[in-house]
Amino acid sequence: RLLLTAFVRSLVQATCRFGMCSATESTTSVDDLDDLLSPSADARLLRGRVVQGLQRLEASGNRALLVVDGIDELLAKPLAADELRKVFTEVLLRTDRLVLVLGARQAPFQALGAHKVVAYHLEPLRFIDAARLFLWRVHRPLVVADLSEAAEEATRGLPLIMNVQNRSLVLSQLSNHPLLRQCNGIPG
């Protein structure tokens, strides 16, 4: 129940964050969510709020993309999985220009109402591609010691400077790093 609550709360906040509801609605929607999600809550009301927010996003004339990743934990619980199916089905039935992308380790649904679900299996990244992705997404400056434990004492926090001449060497060392190898090409 807590995971589903967090999921619905995120959807309501996201639709309000894009300016698709007034400040009062935003505060009311999110603050009253805890009251709405009491054991006696009406799940249809919750689904309705999510659908209304997405319809407001669509009202701008553009297509809307809803990406929901990591739903494996919700799918493991039968009641949450059933409610999730209902939410997604209602969202798809009541919106016109919405694309829904679900991320899970296993294909969660064959269909959502009258909508066909296409499962697309993603292979793990090659180690060199995982290294490139890491370099693109890293949020702190790297130091030489990040690439090699042996260089830690000798470099004493020397920043890693990557350029055209050493780019392939850095990528090669990073792609062979034990932590990156442990991920087996699956970022996250």
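These figures come from a predicted structure and were not determined experimentally.

Novice: Before we go on, may I ask you to explain the overall build of the protein in this structure?
Specialist: Summing up its helical and strand segments, the protein has ten helices and four strands in all. Counting from the amino terminus, helix and strand elements in the protein follow one another as α-α-α-α-β-α-α-β-β-β-α-α-α-α. Counting across all 188 residues of the protein, residues that qualify as buried make up 32%. In the protein, the share of contacts with a sequence separation of at least 24, taken over all contacts with a separation of at least 6, comes to 66%. Carbon and sulfur atoms make up 55% of the accessible area of the protein, which totals about 12,700 Å².

Novice: Is there a simple way to think about the confidence of the model for the protein in this case?
Specialist: For any part of a model where pLDDT is low, the fine detail of the predicted coordinates should not be relied upon. Averaged over all residues, the pLDDT of the protein is 76; the fraction at 70 or higher stands at 72%. Below pLDDT 50 for its whole length, residues 23-31 participates in eleven contacts with residues either more than four positions away or in separate chains. For residues 36-40, every residue scores under 50 in pLDDT, and the model assigns this stretch eight contacts once sequence neighbours within four places are set aside.

Novice: In this structure, what is going on with a nonpolar patch on the surface? I would like to understand it.
Specialist: A cluster of nonpolar side chains, contributed by Leu-65, Val-67 and Val-101, occupies part of the molecular surface with about 270 Å² of accessible area. Topologically, Val-101 is positioned in strand E2 (residues 98-103).

Novice: Help me understand the environment of Val-51, please; the structure alone is not making it clear to me.
Specialist: In this structure, Val-51 sits in helix H4 (residues 43-58). Sequence spacing of Val-51 and Phe-88 is 37 residues, and the spatial spacing of their C-alpha atoms is 9.4 Å. Among all residues touching Val-51, those that are not within four sequence positions of it are Glu-90, Val-91 and Arg-94.

Novice: What exactly am I supposed to notice about helix H9 (residues 167-175) here?
Specialist: It helps to recall that an α-helix has 3.6 residues per turn; residues three or four apart then point in one direction. The complete set of buried residues in H9 reads Val-170, Leu-171, Leu-174 and Ser-175. Projected onto a plane normal to the axis of H9, the buried residues spread over an arc of 125 degrees and lie on a single side. Exposed side of H9, more than 90 degrees from the buried face: Ser-168 and Leu-169 are the residues found there. Along its buried surface, H9 packs onto helix H7 (127-137) and helix H10 (178-182).

Novice: Sorry if this is basic, but what is going on with the environment of His-121 here?
Specialist: Mapped onto the elements, His-121 comes out in the loop between strand E4 (115-116) and H7. Here His-121 falls in the exposed class, since its relative accessible area comes to 60%. Residues His-121 and Gln-106, 15 residues apart in the sequence, show an inter-C-alpha distance of 8.6 Å. Within the structure, the side chain of His-121 is placed 3.4 Å from the side chain of Glu-123, a separation counted as a polar contact.

Novice: Sorry, what's going on with the pairing of strand E1 (residues 64-69) here?
Specialist: Side-chain positions along a regular strand alternate between the two faces of the sheet. Covered by surrounding structure in E1 are Ala-64, Leu-66 and Val-68 only, the residues Leu-65, Val-67 and Asp-69 on the alternate face being uncovered. The sheet contact formed by E1 and E2 spans six bridges and is parallel. Paired with Asp-69 across the strands is Gly-103, a residue of E2.

Novice: It is not clear to me how the packing of H7 against H9 should be interpreted in this structure. Could you clarify?
Specialist: Axis angle and axis distance: for two packed helices, these are the angle between their axes and the distance between the axes, and together they describe the pair. The geometry of H7 relative to H9 is characterised by a closest axis approach of 8 Å and an angle of 110 degrees between their N-to-C directions. With respect to their mutual orientation, H7 and H9 come out roughly perpendicular. In this structure, H7 uses Phe-127, Ile-128, Ala-131, Arg-132, Phe-134 and Leu-135 to contact H9, whose residues at the interface are Val-170, Leu-171, Ser-172, Leu-174 and Ser-175. The residue makeup of the contact of H7 with H9, split by class, is eight nonpolar, two polar and one charged.

Novice: When you look at the packing of aromatic side chains in this model, what are you seeing that I'm missing?
Specialist: Aromatic ring pairs are defined here through the distance separating the ring centres and the angle between the ring planes. Tallying each qualifying case throughout the model produces one aromatic pair. Each ring, one from Phe-88 and one from Phe-109, has its centre 6.3 Å from the other, and the planes form 80 degrees; the classification is edge-to-face. Residue Phe-88 is located in helix H6 (residues 78-94), and its partner Phe-109 is located in the loop between E2 and strand E3 (111-112); the two are separated by 21 residues in the primary sequence. In this structure Phe-88 comes out as buried when scored by relative accessible area, which is 0%. A cation over a ring is seen here: Arg-181 above Phe-127, with NZ or CZ 3.8 Å from the ring centre.

Cut-offs and rules
- Residues numbered from 1 in each chain as written.
- Predicted model: local features only at pLDDT ≥ 70, side-chain atom pairs only at ≥ 80, totals over all residues.
- Heavy atoms only, no water.
- Helix = DSSP H or I, 4+ residues; strand = E, 2+ residues; numbered from the N terminus.
- Buried < 20%, exposed > 50% of the residue type's maximum accessible area, 1.4 Å probe, protein only.
- Contact = heavy atoms within 4.5 Å.
- Areas by Shrake-Rupley, 256 points an atom, 1.4 Å probe, with all protein chains shown as cover.
- pLDDT = per-residue confidence, 0-100.
- Patch = residues over 30% accessible without salt bridge, like charges linked within 9 Å, V, L, I, M, F, W, Y side chains within 5 Å.
- Salt bridge = Lys/Arg side-chain N within 4 Å of Asp/Glu carboxyl O.
- Arc of directions from axis to C-beta.
- Polar contact = N/O pair within 3.5 Å; in protein donor to acceptor, adjacent residues only side chain to side chain.
- Pairing = 2+ DSSP bridges.
- Axes fitted to C-alpha atoms, helices over the stretch in contact; angles between N-to-C directions.
- Parallel < 35°, antiparallel > 145°, perpendicular 65-115°, else oblique.
- Nonpolar A, V, L, I, M, F, W, Y, C, P; charged D, E, K, R; others polar.
- Phe/Tyr/Trp six-rings, centres within 6.5 Å; stacked < 30°, edge-to-face > 60°.
- Lys NZ or Arg CZ within 6 Å of the ring centre and 35° of its normal.

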